[in-house]
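So you can see what is in the structure, the chains are spelled out below.
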Amino acid sequence: MAAGLWASYRVVNVPSFADFLIAVEAEMNKVSWPTRTELFRSSMVVLIMMFVLGFYLAGCDIVWKLLLSWGGPLGIVA
């Protein structure tokens, strides 16, 4: 554990890595985080669209399965 703490301390104190962490912190301060309401609404849109597309793809799968098992006008059986 002591070796891990020492290695972490050394990595953070490398000048280029420290500059990177400072730049990351500055960029994170510029981020406009969504409110709880915006987050909830966006999450609901994503979840609803996942279910809609899932049902659509399941329907397409069922239709193609029926069409291919039927054989079509040429009598081709898959």
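Residues numbered from 1 in each chain as written. Predicted model: local features only at pLDDT ≥ 70, side-chain atom pairs only at ≥ 80, totals over all residues. Heavy atoms only, no water.

## A short note on the overall build of the protein chain
Across its full length, the protein chain holds three helices and zero strands. In the protein chain, the succession of helices and strands from N to C terminus is α-α-α. Taken across its 78 residues, the protein chain has 3% of its residues classed as buried. For the protein chain, the exposed area adds up to about 7400 Å²; of that, 74% sits on carbon and sulfur atoms. (Helix = DSSP H or I, 4+ residues; strand = E, 2+ residues; numbered from the N terminus. Buried < 20%, exposed > 50% of the residue type's maximum accessible area, 1.4 Å probe, protein only. Areas by Shrake-Rupley, 256 points an atom, 1.4 Å probe, with all protein chains shown as cover.)

## A closer look at a nonpolar patch on the surface
A surface patch of nonpolar side chains, amounting to about 1200 Å² of accessible area, comprises Phe40, Met44, Val45, Val46, Leu47, Ile48, Met49, Met50, Phe51, Val52, Leu53 and Phe55. Within the element layout of this structure, Met50 appears in helix H3 (residues 36–70). Residue class for Met50 comes out exposed when judged on its relative accessible area of 53%. (Patch = residues over 30% accessible without salt bridge, like charges linked within 9 Å, V, L, I, M, F, W, Y side chains within 5 Å. Salt bridge = Lys/Arg side-chain N within 4 Å of Asp/Glu carboxyl O.)

## What to know about the pattern of salt bridges
Where charged atoms from two side chains of opposite charge come close, those side chains can pair. Scanning the entire structure with this criterion turns up one salt bridge. Among the salt bridges present, the one from Glu27 reaches Lys30, with a minimum N-O distance of 3.2 Å. Of the two residues, Glu27 and Lys30 are both situated in helix H2 (residues 15–30); the distance of three residues between them amounts to about one turn of the helix. Looking at Glu27, the relative accessible area reads 47%, which means it is partly exposed. Assessed through its relative accessible area of 62%, Lys30 is described here as exposed.

## Things to note about the packing of aromatic side chains
Per the counting criterion, the structure on display carries one aromatic pair. With a centroid separation of 6.1 Å and an interplanar angle of 35 degrees, the aromatic rings of Phe17 and Phe20 are classed as tilted. Taken together, the residues Phe17 and Phe20, both in helix H2 and three residues apart, mark about one turn of the helix. The class for Phe17 is partly exposed, based on a relative accessible area of 31%. (Phe/Tyr/Trp six-rings, centres within 6.5 Å; stacked < 30°, edge-to-face > 60°.)

## Some points on the confidence of the model for the protein chain
Chain-level statistics for the protein chain give a pLDDT mean of 87 and a share of 90% at 70 or above. Between the elements of the protein chain, mean pLDDT differs from a low of 83, seen in helix H1 (residues 2–12), to a high of 94, seen in H3. (pLDDT = per-residue confidence, 0-100.)

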